[in-house]
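Spelled out, the chains give:
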Amino acid sequence: YKLSVSPEMDIMEYCRKEWRGNTPAAKRMRKGYEAVAQKFASIRRIRGDNYCAFRATLFQALSQATHLPRWLQSEDFTMLPENLLSKYDWIKQWQLRQKPGKRMGEISDEIKEYLILLRKKWKNISEIKDPLEKQEACDKLFKNEEEEYSLYEALKFLMLNTAIELYNADKSGRRVPVFSWLLFARDTSNNPCQLMHNHLNHIGHSGGLEQVEMFLLAYALQYTIQVYRLYKHSTDEFITLYPNDPEEDWPVVTLITEDDRHYNIPVRMCQETML
């Protein structure tokens, strides 16, 4: 059985194991890992199955959660599937993991359950004060495949909702973040319906998150996702923020990628950094 989030390993030890050669790529990766190691002591590998961006982001968010985010507390949060479906008939073609072909009318209740599960898990974990206990609760959650994948369905649906909000805001002349234009400038996602069909329905099945979708995930969660992009070491893009002009009160989670496709997580901030 594959672990969703592997146990901690020393960052430089991991790097030496993975990048032994003397190719320019290997040298750049080692430099990248050295830079990360100045801030973090360890790395945890994330299972790579097209959900890794969700898995890494959610694991980090829950690991450091101290309260329930405002958007999770709202009354109509669990009514989202019903509300959206009453306005947009095309959402009936939403594809649930391992349940292709189920009609949205039938699955709106299932998505509601996933949203309720997300709220419950976030609340429970954020209320745990002891850091060790909190970590154990996160590890346990990410060993429960059924629950874990249900949470990713909830995240995908939240991304769709955020995309619809941004699209409508832009159409009515309100200011939207730049990534929103890029998201809807793609031939494959001119509008939220196409985004759902050509992208969101495929996440976890035949593909992961593209970069512009990392912005969408950040907006849906109201978190800043900070990513060390190791292959970009010694360029301006080595540390990339999604979004790049984050709201000041958004919490920050940190991920590591070697190629913008697979994500791992750095853990244990070095003491000096914390001070």
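No experiment lies behind these values; they were computed from the predicted model shown. (Residues numbered from 1 in each chain as written. Predicted model: local features only at pLDDT ≥ 70, side-chain atom pairs only at ≥ 80, totals over all residues. Heavy atoms only, no water.)

**Re the pairing of strand S6 (residues 263-269)**
- Extensive coverage of S6 is indicated by the burial of 5 of its 7 residues.
- Direction of pairing for strand S2 (residues 40-44) relative to S6: antiparallel, over a ladder of 4 bridges. Of the residues in S6, the one forming a bridge with arginine 44 is isoleucine 265.
- Here strand S5 (residues 252-257) pairs with S6 via 2 bridges, running antiparallel. The residue bridging threonine 257 from the neighbouring strand is tyrosine 263, located in S6. (Buried < 20%, exposed > 50% of the residue type's maximum accessible area, 1.4 Å probe, protein only. Helix = DSSP H or I, 4+ residues; strand = E, 2+ residues; numbered from the N terminus. Pairing = 2+ DSSP bridges.)

**Concerning the nonpolar core**
- Residues Ile91, Trp94, Leu118 and Trp122 are the most contacted members of the largest nonpolar core, which totals 76 residues.
- The dominant element in this core, judged by the number of residues it contributes, is helix H8 (residues 145-171), at 13 residues.
- Ranked by size, the runner-up nonpolar core spans 13 residues in total, among them Cys15, Phe40, Ile43 and Ile256. (Core = buried A, V, L, I, M, F, W, Y, C linked by side-chain atoms within 4.5 Å.)

**A look at the pattern of salt bridges**
- Applying the stated criterion to the full structure yields 18 salt bridges.
- Arginine 268 is the salt-bridge partner of glutamate 8, the closest N and O atoms lying 2.8 Å from each other. Placement of glutamate 8 in the segment before strand S1 (9-10) and of arginine 268 in strand S6 is noted, with a sequence separation of 260 residues between them.
- The class of glutamate 8 is partly exposed, set by a relative accessible area of 37%.
- Overall, the relative accessible area of 53% leaves arginine 268 in the exposed class.
- Across the salt bridge formed by glutamate 145 and arginine 47, the nearest N and O atoms sit 3.5 Å from each other. With a gap of 98 residues between them, glutamate 145 in helix H8 and arginine 47 in the loop between S2 and helix H3 (52-63) connect regions that are remote in the sequence.
- Its relative accessible area of 32% is what places glutamate 145 among the partly exposed residues.
- Overall, the relative accessible area of 16% leaves arginine 47 in the buried class. (Salt bridge = Lys/Arg side-chain N within 4 Å of Asp/Glu carboxyl O.)

**Section: the UniProt feature "site: Linear diubiquitin binding" (unreviewed entry) in the chain**
- According to UniProt, the "site: Linear diubiquitin binding" (unreviewed entry) feature falls on Glu237.
- Summarising the element assignment, glutamate 237 is placed in the loop between strand S3 (224-229) and strand S4 (239-242).
- With relative accessibility at 37%, the residue glutamate 237 sits in the partly exposed group.
- Residues in contact with glutamate 237, not counting those within four places in the same chain, are Arg229 and Lys232.
- A distance of 3.5 Å separates the side chain of glutamate 237 from the side chain of arginine 229, its partner in a polar contact. (UniProt positions renumbered as here; feature names shortened; annotations may be inferred. Contact = heavy atoms within 4.5 Å. Polar contact = N/O pair within 3.5 Å; in protein donor to acceptor, adjacent residues only side chain to side chain.)

**Let's talk about the environment of glutamate 165**
- As for its position among the elements, glutamate 165 is in helix H8.
- Note on glutamate 165: relative accessible area 48%, which makes it partly exposed.
- For the pair glutamate 165 and proline 192, spaced 27 residues apart in sequence, the C-alpha to C-alpha distance is 9.4 Å.

**Remarks on a negative patch on the surface**
- Taken together, the side chains of Asp245, Glu247, Glu248 and Asp249 present a region of like negative charge at the surface.
- Relative to the elements of secondary structure, aspartate 245 occurs in the loop between S4 and S5.
- For aspartate 245, a relative accessible area of 51% translates into the label exposed. (Patch = residues over 30% accessible without salt bridge, like charges linked within 9 Å, V, L, I, M, F, W, Y side chains within 5 Å. Areas by Shrake-Rupley, 256 points an atom, 1.4 Å probe, with all protein chains shown as cover. Lys, Arg positive; Asp, Glu negative; His and termini not counted. Charge placed at Lys NZ, Arg CZ, Asp CG, Glu CD.)

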